[in-house]
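Examination of the molecular architecture
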Amino acid sequence: MEEPESQPGSQRRADYKHVPLPASGEEAVDRRRKETVAFSTQRKESTLRAKRLKRDPSLGSLGLSRDPSRASLGGAESEGDAAAAIPPEDVQAEVQAAVDAVKLAKPVGSDICLDAVRRLRQLLSNYDEPPFKEAVAAGAVPVLVAALQPQHMSATALETIFEAAWAITNLAVGEFETVKAVLAAAPILIAYLGGGSGLPVAEQCAWALGNIAAEDFEFRQTLIANGVIRPLAQLVVGARKALEAGADNDDPALAAGTTGAWALSNVLKGAGREVGEVMGVEGAPEAIVKIVAEGPDHLATETAWVLAYITASHEAHLNRMVHLGVVPPMLARIVSAVDQTLQDEQEGRGLLIPLLRSLGNVAAGGGAAAVEQLLSPDAAPALQALVTCAQSHHHGLQREACWVLSNVAGTPGRGGIEALKSVGAVPTLMRLLKESPFQTLMRLLKESPFQVRKEAAFALANVCADGGGGTGNPDTLNWLFAADRDALRAMVSLMRSADMDAARLGLQFTEMVLRLLDTGAEAIEEVDGIDAIEAVQYGAAPPELQRMAAALVDRYFGADNEP
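About the cut-offs
Residues numbered from 1 in each chain as written. Predicted model: local features only at pLDDT ≥ 70, side-chain atom pairs only at ≥ 80, totals over all residues. Heavy atoms only, no water. UniProt positions renumbered as here; feature names shortened; annotations may be inferred. Helix = DSSP H or I, 4+ residues; strand = E, 2+ residues; numbered from the N terminus. Buried < 20%, exposed > 50% of the residue type's maximum accessible area, 1.4 Å probe, protein only. Polar contact = N/O pair within 3.5 Å; in protein donor to acceptor, adjacent residues only side chain to side chain. Phe/Tyr/Trp six-rings, centres within 6.5 Å; stacked < 30°, edge-to-face > 60°. Expected span 1.5 Å × (residues − 1). Contact = heavy atoms within 4.5 Å. Salt bridge = Lys/Arg side-chain N within 4 Å of Asp/Glu carboxyl O. pLDDT = per-residue confidence, 0-100. Core = buried A, V, L, I, M, F, W, Y, C linked by side-chain atoms within 4.5 Å.

The name an unreviewed UniProt entry assigns to the protein chain is Importin subunit alpha, from the organism Chlorella ohadii. Among the UniProt annotations of the protein chain, the heading Sequence similarities (unreviewed entry) holds the following wording: "Belongs to the importin alpha family."

1. As for the overall build of the protein chain
The secondary structure content of the protein chain amounts to 33 helices and zero strands. The 563 residues of the protein chain split such that 55% are buried.

2. Looking at the side chain of Arg121
If you trace the backbone, Arg121 turns up in helix 5 (residues 111-123). Of note is the side chain of Arg121, whose polar atom sits 2.6 Å from the side chain of Glu163.

3. Concerning the packing of aromatic side chains
Tallied over the full model, the rule gives three aromatic pairs. Geometrically, the ring pair formed by Phe162 and Trp166 is edge-to-face, given 5.9 Å between the ring centres and 75° between the ring planes. In this pair, Phe162 and Trp166 both sit in helix 8 (residues 155-171), four residues apart, roughly one turn of the helix. Seen from their ring centres, Phe176 and Phe219 are 5.1 Å apart, and the 20° between their planes marks the pair as stacked.

4. Thoughts on helix 11 (residues 199-215)
For helix 11, with 17 residues, the first-to-last C-alpha span of 25 Å sits near the 24 Å given by 1.5 Å per residue. Within helix 11, 13 of the 17 residues are buried, which leaves it mostly tucked inside the rest of the structure.

5. Re the environment of Glu244
Considering the arrangement of structural elements, one finds Glu244 in helix 13 (residues 229-244). You can call Glu244 partly exposed: its relative accessible area is 45%. Sequence spacing of Glu244 and Ile291 is 47 residues, and the spatial spacing of their C-alpha atoms is 9.9 Å.

6. Considerations on unusual backbone geometry
In this model, Lys106 is joined to Pro107 through a cis peptide bond whose omega is -5°. Along the polypeptide, Pro107 turns up in the loop between helix 4 (91-104) and helix 5. One non-glycine residue, Asp528, adopts positive backbone phi at about 65°. Tracing the sequence through the fold places Asp528 in the loop between helix 31 (520-526) and helix 32 (529-538). Given a relative accessible area of 40%, Asp528 falls into the partly exposed group.

7. Some remarks on helix 19 (residues 327-343)
Taking 1.5 Å of rise per residue, 17 residues should cover 24 Å, and helix 19 covers 25 Å from first to last C-alpha, within 8% of that figure. Here helix 19 has its buried residues at Val327, Pro329, Met330, Leu331, Arg333, Ile334, Ala337, Val338 and Thr341. Contact partners of the buried residues in helix 19: helix 16 (284-294), helix 17 (297-311), helix 18 (315-323), helix 20 (349-365), helix 21 (368-374) and helix 22 (380-390).

8. Quick word on the pattern of salt bridges
Considering all chains together, one arrives at 16 salt bridges under this definition. Put simply, Arg333 and Asp297 hold a salt bridge, and the shortest N to O gap is 2.8 Å. Of this pair, Arg333 sits in helix 19 while Asp297 sits in helix 17, placing them 36 residues apart in sequence. With relative accessibility at 9%, the residue Arg333 sits in the buried group. Residue class for Asp297 comes out partly exposed when judged on its relative accessible area of 31%. The partner of Glu544 in a salt bridge is Arg504, with the nearest N and O atoms 3.4 Å apart. Of this pair, Glu544 sits in helix 33 (residues 543-557) while Arg504 is found in helix 30 (residues 500-516), placing the two residues 40 residues apart along the sequence. By relative accessible area, which is 36% here, Glu544 ends up partly exposed. When salt bridges that share partners are traced, they join Asp115, Arg118, Arg121, Glu159 and Glu163 into one network.

9. Some words on the confidence of the model for the protein chain
Model confidence for the protein chain is summarised by a mean pLDDT of 80, while 78% of its residues fall at 70 or above. Every residue in residues 39-49 scores below 50 in pLDDT, and together they form 26 contacts with partners more than four places removed in sequence or on other chains. Contacts from residues 59-83, a stretch scored under 50 in pLDDT, to residues over four places away or in other chains number 44 contacts.

10. Quick look at the nonpolar core
Ranked by internal contacts, the top residues of the largest apolar core, which has 127 residues, are Leu144, Leu148 and Leu189. Other than its neighbours up to four places away in sequence, Leu144 contacts Val117, Leu120, Ala164, Ala167, Ile168 and Leu171. Listed in part, the 38 residues of the second largest apolar core include Phe481, Ala487, Val513 and Ala532.

Okay, structure coming up:
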């Protein structure tokens with residue numbers, strides 16, 4: 001790609017935008033992708049997102065616990081449960097016996113084989129701490145792979161496949177070496193995604209593949225090389241067709257689409273050109289728009305994560321989604337999800353985070369059509385919802401909301417800033433100061449954890465730069481920072497951060513204050529800004545930041561500036 005000719009000062013101005021516009025457009029794409037991966041990595045803290053163990057609610061608990069003092073998952077043990085309980089010291093022998101039973105159960109797909117596979121699956125489903133390592137050591141993976149391949153299809157054979165896929169799903173929740181062993185089953189699992197063996201089997205195989213994908217980048221590449229993306233995307237297309245046919249929430253196609261979208265989002269984590277394969281599946285982009293607009297929350301949530309990865313990739317894919325009409329339903333869904341969150345903090349949050357991530361990507365990299373929709377009066381309720389998210393007690397929502405606000409403020413011209421100001425519809429400047437997004441951002445800047453402060457700082461820097469392409473507005477700087485030394489100190493202190501994006505922002509903001517405000521040098525010195533600049537100059541910052549810091553010291557605090 002030919003690099004565009006840069007104009008004087010354009011790099012400095014661009015860098016005030018949260019997703020900068022550097023010399024190469026690919027760098028901006030890569031930044032959005034890395035940000036999306038960084039946000040999604042937080043999901044691994046919860047088994048509800050990165051990996052999912054499938055329990056068997058019909059069994060309660062088998063009473064299998066490595067710690068006898070721990071209560072069973074099913075609550076108080078019944079008399080039957082206690083009789084079936086296996087002492088911890090006997091777990092390995094029990095697992096070995098179950099694996100051996102599967103080996104001997106012939107033919108594959110018979111009633112005796114089904115019973116043996118089910119018993120092994122139960123052992124992997126209902127422990128407090130499932131015996132994954134013991135199962136792999138006993139040879140569970142090859143016998144389960146064999147159980148996936150009956151010679152003749154029947155109802156019993158299909159049930160055997162389902163049970164084997166369930167067991168593999170749970171093994172894939174284990175540690176790296178366990179998942180590595182399970183990877184051998186991937187080609188067969190992928191083959192069942194087409195639905196020819198029934199949607200329950202397809203969904204269970206998608207679940208297993210999603211767990212494998214969540215473990216490691218190389219595993220994801222192996223799955224991609226084996227053709228996992230297209231059939232997973234087709235499950236999402238199937239969910240859209242079910243929605244259009246009036247399916248209820250219990251429809252197998254919706255369940256398969258939900259799990260397929262979740263697995264697909266795990267596969268796409270850190271992906272590049274593979275996103276184009278999703279976009280090339282007939283009906284997949286349209287299905288994403290439809291599901292975001294009308295799908296039940298669980299399906300919309302998983303699909304919104306797929307959308308987050310698409311909008312973090314190449315601008316062509318992002319803008320195609322915009323032209324397909326994804327922005328209005330995103331905005332409407334954000335408003336409704338925030339309303340849910342206000343009623344119950346847990347409700348709506350799972351859907352909000354990927355929607356906000358996607359909306360921030362659209363604001364950062366979308367074309368004129370995207371900007372027009374984001375700045376239209378119809379978007380005002382969603383912008384107000386962003387302010388509500390920024391005021392929440394959930395740091396993930398705060399960070400995501402500030403990410404979007406920063407990119408809206410950084411759209412070309414003053415349109416983004418005016419759109420944010422209009423959210424409060426306030427008659428006086430004092431009311432604006434108290435209730436506008438900027439006041440929320442100022443509070444977050446001073447009181448929140450680092451990652452939230454960083455996002456709030458990017459938004460405020462864009463506001464002070466006078467939007468995308470601006471070089472700074474002294475009136476805005478005075479309005480927000482002249483009388484608030486705590487906020488100024490928070491911005492300046494970013495220069496001390498080991499996070500180079502934050503350090504760069506702090507340095508650029510400091511340059512703007514020094515350049516635009518008559519008392520800028522005194523204000524920066526008052527908040528220990530000279531020491532912070534020198535921390536960049538003599539620290540581990542990249543050479544270009546060190547040179548910029550040295551230039552600021554020489555220009556504003558050198559001998560020529562002494563009285």
